[in-house]
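What the coordinates show
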Amino acid sequence: MISVTQALDAIFDLVTPLDSEEVTLADAAGRVLAAPVTATRLQPPFAASAMDGYALNGVEADPEAMFRVIGESAAGHGFAGKVGPGECVRIFTGAPMPTGADRVIIQEDVERKGNLITLARKLDKGPHVRPAGADFAPGNTIPAPRVLTAADLALAAAMNVPTLTVTRKPVVALLATGDELVMPGEEPGPDQIIASNSFGLKALIEANGGHARMLPIARDNFDSLRTAFELAAGADLIVTIGGASVGDHDLVGVVAAEMGMDQSFYKVLMRPGKPLMAGRMGDAAMIGLPGNPVSSMVCGHVFLVPALRAMLGLGATPAPRQTAVLAAPVKANGPREHYMRARVEGGKITVFDSQDSALLSVLAQANALLVRPVNAPAGDAGSQAEYLPI
């Protein structure tokens, strides 16, 4: 068996960043930017008013001074003339500042009668003007790689860039195995259970930038598994669920090897999730996850998500951990790194009493996996501990 770190390094060796593609701004949310976005224009393209009020020459803005209104500047409809001494222009937020004006007096500080305004006795400092290029200028960039957020897309649109270069989504073939499985909505036999892992993993994959292809459940026989692997053709990553242990019905590794898988490792010093394997089948990387529901999902967070991020060009790094204070003592750990379902609230982490790897109800309540290192001593309440957010 190898350590979690060694297993993760081996998986990173199996995957490489994928090629890129062009998508429209409307289709780019959540995608990974593969090339910088470069602004093609100045923003704002002109000095603009930050408030509703009156634009005038700031040196003339004395308390109770009077000015003649000579026109109006609105967003999309600027004032074409020039502001001279004793003159001003009615202006609205976002409108271009007229020539000859460099300050906006907010309308609350003005009394207007006809085409004459009188400034208040007390004026705020102003100038309430957004300089041209205050946001960005031609050549400014949004750097890559990055997961594109709503703010990124708004900025790219303002830069007048209609399409973006993003990393292609990794195609992940999800292959659940086992005679005991039936799909949700079907009537299970007396010795069967509902297939759940595929749906949790599909959600995890797609929340982290991948595209999941759910294949039909493969039965515990050679022909069914061979057919399933053939259906996985074209995927960038094949993820099998179950059948990776050493029982008489655990045939995934045997069939995969028969079909050309070059195995990288089998079994990891962790709990839950020991019967994990990885390798390469032709053009695709392969990760064989354990069949226990919690083990499968934990390995998804620890290994599958970092693999996806590496394929998306976001770097080959472990899932980031955070720290919290133990709400209650925890026992000493044994020879395998332990990922314990827990809940973090108010900076404190509470470990659930039951850590049975078959209990999805506990996983659904958890928002963290407390990470207990190999042979870690008992932890006292109030001490710092690392956890993986989930």
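Look up: the structure comes first, before these words.
Quantities reported herein were computed from a predicted structural model and do not represent experimental measurements. (Residues numbered from 1 in each chain as written. Predicted model: local features only at pLDDT ≥ 70, side-chain atom pairs only at ≥ 80, totals over all residues. Heavy atoms only, no water.)

**Quick look at the sheet that holds strand β18 (residues 211–214)**
Neighbouring strands of a sheet are bound in pairs by backbone hydrogen bonds; such pairs are parallel or else antiparallel. If you walk across this open sheet you meet the six strands as β18-β15-β19-β23-β22-β20, and the pairing is mixed. Each edge of the sheet is formed by a strand with only one pairing partner; in this case those strands are β18 and β20 (262–266). Direction aside, the axes of adjacent strands within the sheet are offset by 20 degrees on average. Across five bridges, strand β15 (residues 171–176) lies against strand β19 (residues 237–241) in parallel orientation. (Pairing = 2+ DSSP bridges. Helix = DSSP H or I, 4+ residues; strand = E, 2+ residues; numbered from the N terminus. Axes fitted to C-alpha atoms, helices over the stretch in contact; angles between N-to-C directions.)

**Notes on the sheet that holds strand β6 (residues 66–73)**
Read from one edge to the other, the open sheet built from six strands follows the order β8-β5-β7-β6-β10-β9, with strand pairing classed as mixed. At either end of the open sheet lies a strand with only one pairing partner, and these are β8 (103–106) and β9 (110–113). The sheet shows a mean angle of 40 degrees between the axes of neighbouring strands, taken without regard to direction. Sheet topology places β9 next to strand β10 (residues 116–119); four bridges connect them, and they run antiparallel.

**A few points about helix α3 (residues 197–207)**
Listed in full, the buried residues belonging to α3 are N197, S198, L201, L204 and I205. Projection of α3 onto a plane perpendicular to its axis shows the buried side chains occupying an angular sector of 130 degrees, all on one side. Elements in contact with the buried residues of α3: β15, β18, β19, β23 (284–289) and α6 (293–311). (Buried < 20%, exposed > 50% of the residue type's maximum accessible area, 1.4 Å probe, protein only. Arc of directions from axis to C-beta. Contact = heavy atoms within 4.5 Å.)

**Some remarks on the packing of α3 against α6**
Following both chains from N to C, one finds α3 and α6 inclined at 25 degrees, their axes separated by 10 Å at the closest point. Judged on the interaxial angle alone, α6 and α3 are roughly parallel. Classified by chirality, the crossing of α6 by α3 is right-handed. Here N197, G200, L201, L204 and I205 of α3 lie close against α6, whose contacting residues are P293, S296, M297, G300, H301, L304, V305 and L308. Looking at side-chain class alone, the contact of α3 with α6 contains eight nonpolar, five polar and no charged residues. (Parallel < 35°, antiparallel > 145°, perpendicular 65-115°, else oblique. Left-handed = near helix turned anticlockwise from the far one by under 90°. Nonpolar A, V, L, I, M, F, W, Y, C, P; charged D, E, K, R; others polar.)

**Here we look at the environment of G200**
Tracing the backbone shows G200 in helix α3. Between the alpha carbons of G200 and G300 there is a distance of 9.3 Å; along the sequence they are 100 residues apart.

**Some words on the layout of surface pockets**
Roughly 330 Å³ of internal volume is contained in the second largest pocket. For the second largest pocket, the lining is made up of 18 residues, of which P329, V330, K331, M340 and V351 are closest to its centre. Mapped by element, the contributors of at least two residues to the lining of the second largest pocket are β25 (337–345) and β26 (348–351). Considering each element in turn, the lining of the second largest pocket owes the most residues, three residues, to β26. In terms of residue class, the lining of the second largest pocket is built from 10 nonpolar, four polar and four charged. (1 Å grid on protein atoms, 1.4 Å probe; cavity = no way out; pocket = protein on both sides within 12 Å on 5 of 7 lines; lining within 4 Å. Points joined across faces, edges and corners; volume = space filled by probe spheres on them.)

**A look at the packing of aromatic side chains**
In the structure shown here, the tally under the stated rule is zero aromatic pairs. Positioned over the ring face of Y54 is R90, at 5.1 Å from the centre of the ring. (Phe/Tyr/Trp six-rings, centres within 6.5 Å; stacked < 30°, edge-to-face > 60°. Lys NZ or Arg CZ within 6 Å of the ring centre and 35° of its normal.)

**As for the pairing of strand β7 (residues 87–91)**
Within β7, five of the five residues are buried, which leaves the element mostly enclosed by the surrounding structure. A two-sided burial pattern is seen for β7, the buried positions comprising E87, V89 and I91 on one face and C88 and R90 on the other. The sheet contact formed by strand β5 (residues 53–56) and β7 spans three bridges and is antiparallel. Each residue of the ladder has a partner; that of G53, found in β7, is I91. Looking at chain direction, β6 and β7 are connected through four bridges and run parallel. Within the sheet, the bridge partner assigned to R68 lies in β7 and is E87.

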